[in-house]
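# Survey of secondary and tertiary structure
Letter by letter, the chains look like this.
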Amino acid sequence: MGDNVNTVASAWISSLLFLCAIPLLVEVLYWLYHEGINLGNNLAPSGGGTFLNLSLTTKHSGNYYKADGSLGVQLSELVPLFVSAPGRDQSGVTPKAFLLLNPPWSTNFHKDKVTLTCSDSLSPAQGDIDWYYNENLLNKKSEEIQIDKTGYYKCKTRRSSLSDPIHVDFSFDKLILQAPHPVFEGDDVVLRCQAREKAKDISLYRNKTLIQSDFTLKSVSRNNDTYHCTALIQGIFWTWTKEISKHLTIQVQELFPPPMLIASPSSPIEGSPVTLKCVTWLPPQRSHIQLQFCFFRGDKALQKCWSSSPELKLPTVWSEDAESYWCQAESVTPSIRKRSLRSQLYVQRIPVSDVTLEIQPPEGQLIEGENLLLICSVAKGTGTVTFSWHREGTVRSLGTKTQRSLSAVLQILTVKESDAGRYYCAADNIHGPILSKLIRVTLRIPVSRPVVTLTSPRMQAMVGDVVELHCESQRGSPPILYRFYHENVTLGSSSVPSGRAVFKFSLTAEHSGNYSCEADNSLGVQRSDRVILSVTVPVSHPVFTFSPAGPQAVAGDVLELHCEAPKGSPPILYWFYYKNVTLGSREAPFGGGASFNLTLMAEHSGNFSCGADNGLGVQHSEMVILSIVGPPSNKTTLITEGVTAGLLSILGLAATAALVHYFRTQRNSERLSTTRTPSYSPREFKESSRTSNTNPQEPPDPVEPQPVYNNVNPGDSDLVYSQIWSVQHTKENSANSPRKHWEDKEPTVIYSDLKKAYPDDSTGQASIGDSDLEDAVENYENVPCILSALDR
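Fair warning: this is a prediction, and the values are worked out from it, not measured in the lab.

Below, the discussion takes up the overall build of the protein chain. A count of helical and extended segments in the protein chain gives five helices and 63 strands. Partitioning the contacts of the protein chain with sequence separation of at least 6, the portion at a separation of at least 24 is 63%.

This next bit is on the packing of aromatic side chains. Tallying each qualifying case throughout the model produces seven aromatic pairs. Ring geometry for Phe503 versus Phe505: centroids 5.9 Å apart, planes at 35 degrees, classification tilted. A ring pair is formed by Tyr578 and Phe608, whose centres lie 4.9 Å apart and whose planes are at 40 degrees; its orientation type is tilted. Placement of Tyr578 in strand S55 (residues 572-578) and of Phe608 in strand S58 (residues 606-613) is noted, with a sequence separation of 30 residues between them. Judged by its relative accessible area of 12%, Tyr578 is buried. Here the aromatic cluster, defined as three or more aromatic residues joined through ring pairs, consists of Phe484, Phe503, Phe505 and Tyr515. Stacked on the ring of Trp240, the Lys or Arg Lys200 has its end atom at 4.2 Å from the ring centre. Against the face of Trp326 rests Arg339, its NZ or CZ located 3.7 Å from the ring centre.

The next subject is the pattern of salt bridges. This model, assessed by the stated rule, comprises 24 salt bridges. Residue Asp419 pairs with Lys416 through a salt bridge whose shortest N-O separation is 3.9 Å. The exposure class assigned to Asp419 is buried, which follows from its relative accessible area of 10%. Residue class for Lys416 comes out partly exposed when judged on its relative accessible area of 45%.

Right, let's get into the sheet that holds strand S9 (residues 98-102). Sheets are built from strands paired through backbone hydrogen bonds, the pairs being either parallel or antiparallel. Here we have three strands laid out as an open sheet, ordered S9-S11-S14, and antiparallel in their pairing. The sheet is open, and its two borders are formed by S9 and strand S14 (144-147), each paired with just one other strand. For this sheet, the mean inter-axis angle between neighbouring strands, taken without regard to orientation, is 30 degrees. Where S9 and strand S11 (residues 114-119) come together, five bridges link them in antiparallel fashion. Along S11, the bridge assignment pairs Leu99 with Cys118.

Burial of strand S29 (residues 291-297) is extensive: six of the seven residues sit out of reach of the surface. In this structure, S29 lies alongside strand S32 (residues 324-331), joined through seven bridges in antiparallel fashion. Its bridge partner being in S32, Phe295 is matched across the sheet by Cys327. Sheet topology note: the S29/strand S30 (residues 300-301) ladder contains two bridges and is antiparallel. Paired with Arg297 across the strands is Lys300, a residue of S30. The loop that links S29 with its antiparallel partner S30 comprises two residues; one of these, Gly298, has a positive phi angle of about 65 degrees.

All right, on to the nonpolar core then. Of all hydrophobic cores here, the largest spans 23 residues; its most connected members are Phe544, Leu561, Tyr574, Phe576, Leu600, Phe608 and Leu626. In terms of residues, this core owes the most to one element, S55, which gives four residues. Contacts of Leu600, omitting those with residues within four sequence positions, involve Ala553, Val554, Ala555, Gly556, Asp557, Leu559, Leu626 and Ile628. If you look at the next biggest cluster of nonpolar residues, it comprises 21 residues, including Val352, Cys376, Val385 and Cys425.

With that out of the way, let us pick up unusual backbone geometry. Only a minority of non-glycine residues have a phi that is not negative, and only a minority of peptide bonds are not trans. Note that the residue after Ser264, namely Pro265, is joined by a cis bond; omega there is 0 degrees. Tracing the chain through its elements places Pro265 in the loop between strand S27 (260-264) and strand S28 (274-279). For the bond running from Pro570 to Pro571, omega is -5 degrees, close enough to zero to count as cis. Within the element layout of this structure, Pro571 appears in the loop between strand S54 (558-564) and S55. Positive phi values are uncommon outside glycine, yet Ser522 reaches one of about 70 degrees. Positionally, Ser522 belongs in the loop between strand S49 (513-520) and strand S50 (525-527). Owing to a relative accessible area of 57%, Ser522 belongs among the exposed residues under this scheme.

Next up on the list: the pairing of strand S25 (residues 240-244). Strand direction decides the pairing type here: strand S24 (residues 227-234) and S25, joined by five bridges, are antiparallel. Bridge pairing in S25 links Ile233 to Thr241. Two successive antiparallel strands, S24 and S25, enclose a turn made up of five residues, where Phe237 displays a positive phi of approximately 60 degrees.

A word on the state of the cysteines. Scanning the entire structure with this criterion turns up seven disulfides. One disulfide bridge connects Cys294 with Cys305, the sulfur atoms lying 1.5 Å from each other. Placement of the pair is Cys294 in strand S29 and Cys305 in the loop between S30 and strand S31 (311-314), with a sequence separation of eleven residues. Exposure remark for Cys294: the relative accessible area of 0% places this residue in the buried category. According to the relative accessible area criterion, Cys305 is partly exposed, its value standing at 33%. Note that Cys471 is cross-linked by a disulfide to Cys517, the S-S spacing being 2.0 Å.

Glancing now at the sheet that holds strand S48 (residues 501-506). Read from one edge to the other, the open sheet built from three strands follows the order S44-S45-S48, with strand pairing classed as antiparallel. Each end of this open sheet is capped by a strand with a single partner; those strands are strand S44 (451-455) and S48. Averaged over all adjacent pairs, the angle separating strand axes in this sheet is 20 degrees, with direction ignored.

This part takes up the environment of Gly364. Tracing the backbone through its elements, the reader meets Gly364 in the loop between strand S35 (353-360) and strand S36 (365-367). In sequence terms Gly364 and Ile439 are 75 residues apart; their C-alpha atoms lie 7.7 Å from each other. Setting aside anything within four residues of it in sequence, one finds Gly364 in contact with Ile359, Arg440, Val441 and Thr442.

Here is what the cut-offs are and how they apply
- Residues numbered from 1 in each chain as written.
- Predicted model: local features only at pLDDT ≥ 70, side-chain atom pairs only at ≥ 80, totals over all residues.
- Heavy atoms only, no water.
- Helix = DSSP H or I, 4+ residues; strand = E, 2+ residues; numbered from the N terminus.
- Contact = heavy atoms within 4.5 Å.
- Phe/Tyr/Trp six-rings, centres within 6.5 Å; stacked < 30°, edge-to-face > 60°.
- Buried < 20%, exposed > 50% of the residue type's maximum accessible area, 1.4 Å probe, protein only.
- Lys NZ or Arg CZ within 6 Å of the ring centre and 35° of its normal.
- Salt bridge = Lys/Arg side-chain N within 4 Å of Asp/Glu carboxyl O.
- Pairing = 2+ DSSP bridges.
- Axes fitted to C-alpha atoms, helices over the stretch in contact; angles between N-to-C directions.
- Core = buried A, V, L, I, M, F, W, Y, C linked by side-chain atoms within 4.5 Å.
- Disulfide = S-S within 2.5 Å.

All we've got here are geometric facts, nothing functional implied.
Structure follows, in structure tokens:
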């Protein structure tokens, strides 16, 4: 039936022409069958072919074949036909039934019995079975029948269409060649040469050529090869006769028919998806075989070959994709490959319509400096669309874009005041540009950085002056809210429709510092630079103090005089006075106080004060009275520690020294019996000497002399007292004392200061004249003794 091709038709085709032909010049009668049903016949008187017209419906999908019967009935190969209705995809046919033979040989000896079984893809078959013998319906309904007549057999179940016909031969020959049924492309086939009697020297021939003694054919294909066998058969009287079987053509069925490529939809709209399907099928007997597929456009594969899926989805197709498409199907094992016919894909293009322009931010309200987005879109239109954007009053477009989409975006960076106006866009996909409506774009301007200024009635602002703060932004959409700050603390605010804002206030000492302002029109806040205001404050009365503190001081001490004004703008100059006489001055450039160190002399007893001035007038402190006493007791006299190894000898020396000291003090007391002693006791002297400490908070001297007292002539009214110091070392000061080395040199030494009083000295202060100097010197004597002995 013509070339072995697949056909895809549509039901709106009024008719289809079938051509059947054989290469013989004899009279031939042709029948055309659809799924085993005779559609009609036609006679070719002189051989050749014939035609048959068929009006198609969707029911005509299925398999077609031809038969000729002048010299015996011969069947053509099957040709599948898919008929699809407009707008409806018919991608398959009713599955066919198939026949199974038991034994599986299509050629048998006469009087042999063969069992036929009718099955379908949904086996076991259900319901009544229709059996046909040489196109005649048999009166049999069972799933299996037994046959012994030569002819064509086929069957049909309720769930399937007619099976392919199979020719079963029951031969009277002595030697037959048997082939199994069914046989498919790629199968390995085992042939069997059978004799009624005993046979030997069996040989197999293909196309009259001896091929092998092994009767196994590897991977058979559909061709016109003929096979026969020969053998020596034992006859009567044990003679051997050579017999030749009839020629056999193996009925090799297609493993799968050539695929058909079906596009859904068949005429897609540009930009829409299309699904390509490579349609073929395996017979139920070979349903376990795996198929793989590959799709092509022109000569280029659309995907990586091979895929187990018979479908390929193209997300979008365009007008330039309107080419020929085809597919291939291949079985993995055995390797059988077949390809479909080429199919032309037609792609429809739709003109653009309903062009609109959208602006971001919405409603066309922009802030200067922002980015403007112009979005041009179309409701309909396919293929490549060219978009362009325009501003009213300008000739040149703002920009163009050509792309396959229904919208495009143009961005205008950092818009300015000059970008305000009305905008529109256009779209075109070869059918002519379509314009959008006009949209107005307005701009709001954020405030610029404001400038703060300060005005005062004089060059140097003073406490009590009224000053003005001015704040102004040069650009910005009104209204603008101004805020004023002093050291980041809000002073006040003012909203103005235009121009600058003013804030007034009266100065106090606390108003010195940094001033700034902010401008805000709800589009962002801007702060000005800072300006510095220095409010000059006159100095207050300073406070005068000295260190060490106390009403008395000892001559020779260094006294620190300190003057500080609690208020006043720097720099401040301080003067220090003694009895209204200037002792000196100090400057405090950054404010605060100043100090002045004074080495005291006896004549420094009296009134002390200080003054402060920062150019706005001098202020004086209150006077402080200070009394200066005589020189302090000798604290530099050192007593070394004794050596413990000589304690016994030192005790002896101490006893001797004590006796000598006793006699000498007795003699001196007699010489001084007519003189007067000071009016204070040794304990009082000790206490007055301690007031000369320059700083009571400082730690004591690492080696502090500890007094030990010894009274001479305690019964006399004119007494001479001896004040004795002993050097003692503690654990804390022994390590740091520079006198630590004394303990390794000499034993402990006792020093005595003798104070002599004269009867005619009413003040209690000894007054020594030149004539008495010699006696005074004689009254002082140092007697070494041992500290431990004195303690006892």
